[in-house]
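# Architecture at a glance
Here is how the chains run, residue by residue.
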Amino acid sequence: MDDIFYFVDLPGYGYSKMSKKEQEQVGKFIEQYLLVRKEITLIIFLIDIRHSPSENDRLMYNYIISSGLPCLILANKADKIAITKVDDTVKALQKELNPIGDIPILPFSSERKIYKEDVWLFLDNHLKNI
Ligand SMILES: Nc1nc2c(ncn2[C@@H]2O[C@H](COP(=O)(O)OP(=O)(O)OP(=O)(O)O)[C@@H](O)[C@H]2O)c(=O)[nH]1
Ligand SMILES: [Mg+2]
């Protein structure tokens, strides 16, 4: 992005139709990548705003925490719920996943521009402080 930083999209576990063996290989790759790549300054972890964190979400969340890397959680697909419910839903997710509140959760939607602004603000701020 503007020769300043990279977004690196890692494979997820949601929609990917992989065999068990492939999943294991991908898991090892991600583990290695997060361990070896010293330039990583932030993990952006996308979850679905419509559901309580799944078992996989919790595994991934715990893994990210144990990596010690800074993390921003995005509650994605915010366009799929009523706009009036977004703030309370994000608060509920925060309580469920990170009650201490040291890992921020922001609403997001690939479809709605309104949620992008706060994410850019967060990223600007984060990049300024590393
Ligand atoms: N309505 C809506 N649909 C979305 C949003 N984000 C992603 N999707 C849809 O969700 C599906 C999966 O999106 P992907 O971007 O492939 O999800 P992913 O997390 O990268 O999937 P994996 O990497 O395979 O785990 C697609 O059909 C997208 O169009 C969103 O903010 N709103
Ligand atoms: Mg993907």
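For the structure itself, consult the block above.
These notes cover the structure that comes with them. Please read these numbers as outputs of a predicted model, since none were measured by experiment. (Residues numbered from 1 in each chain as written. Chains lettered and ligands numbered in written order. Predicted model: local features only at pLDDT ≥ 70, side-chain atom pairs only at ≥ 80, totals over all residues. Heavy atoms only, no water.)

## A short note on the pairing of strand β2 (residues 71-76)
The element β2 is extensively covered by neighbouring structure, given that six of its six residues are classed as buried. Residues of β2 alternate between two faces, with Cys71, Ile73 and Ala75 on one and Leu72, Leu74 and Asn76 on the opposite face, all of them buried. The pairing of strand β1 (residues 43-48) with β2 spans six bridges and is parallel. Along β2, the bridge assignment pairs aspartate 48 with asparagine 76. Sheet topology note: the β2/strand β3 (residues 105-107) ladder contains three bridges and is parallel. (Buried < 20%, exposed > 50% of the residue type's maximum accessible area, 1.4 Å probe, protein only. Helix = DSSP H or I, 4+ residues; strand = E, 2+ residues; numbered from the N terminus. Pairing = 2+ DSSP bridges.)

## Points about the site of ligand 1
The environment of ligand 1 is made up of twelve residues, and the closest members are Gly12, Asn76, Lys77, Asp79 and Ser110. One of the side-chain nitrogen or oxygen atoms of lysine 77 is found 3.1 Å away from an oxygen atom of ligand 1. In the complex, 57% of the free accessible area of ligand 1, which totals 650 Å², lies under the protein chains. Within the shell around ligand 1, the residues separate by chemical class into two nonpolar, six polar and four charged. (Near = heavy atom within 4 Å. Polar contact = N/O pair within 3.5 Å; in protein donor to acceptor, adjacent residues only side chain to side chain. Areas by Shrake-Rupley, 256 points an atom, 1.4 Å probe, with all protein chains shown as cover. Nonpolar A, V, L, I, M, F, W, Y, C, P; charged D, E, K, R; others polar.)

## Let's talk about the pattern of salt bridges
Under the criterion given, the structure shown has three salt bridges. Among the ionic pairs, arginine 37 bridges to glutamate 39, the shortest N-O distance being 3.6 Å. For arginine 58, the salt bridge goes to glutamate 96, with nearest N and O atoms at 3.9 Å. Residue arginine 58 is found in helix α2 (residues 55-67), and its partner glutamate 96 is found in helix α3 (residues 86-97); the two are separated by 38 residues along the sequence. (Salt bridge = Lys/Arg side-chain N within 4 Å of Asp/Glu carboxyl O.)

## Notes on α3
Because each turn of an α-helix spans 3.6 residues, side chains separated by three or four positions in sequence point in the same direction. If you check α3, its first and last C-alpha atoms are 16 Å apart, about what twelve residues at 1.5 Å a residue would give, namely 16 Å. Residues Val86, Val90, Leu93, Gln94 and Leu97 constitute the buried set of α3. Around the axis of α3, the buried residues are gathered within 105° of arc, so they sit on the same side. When the buried face of α3 is taken as reference, the exposed residues oriented beyond 90 degrees from it are Asp88, Lys91 and Lys95. Looking at the buried positions of α3, the neighbouring elements they touch are β1, α2, β2 and β3. (Expected span 1.5 Å × (residues − 1). Arc of directions from axis to C-beta. Contact = heavy atoms within 4.5 Å.)

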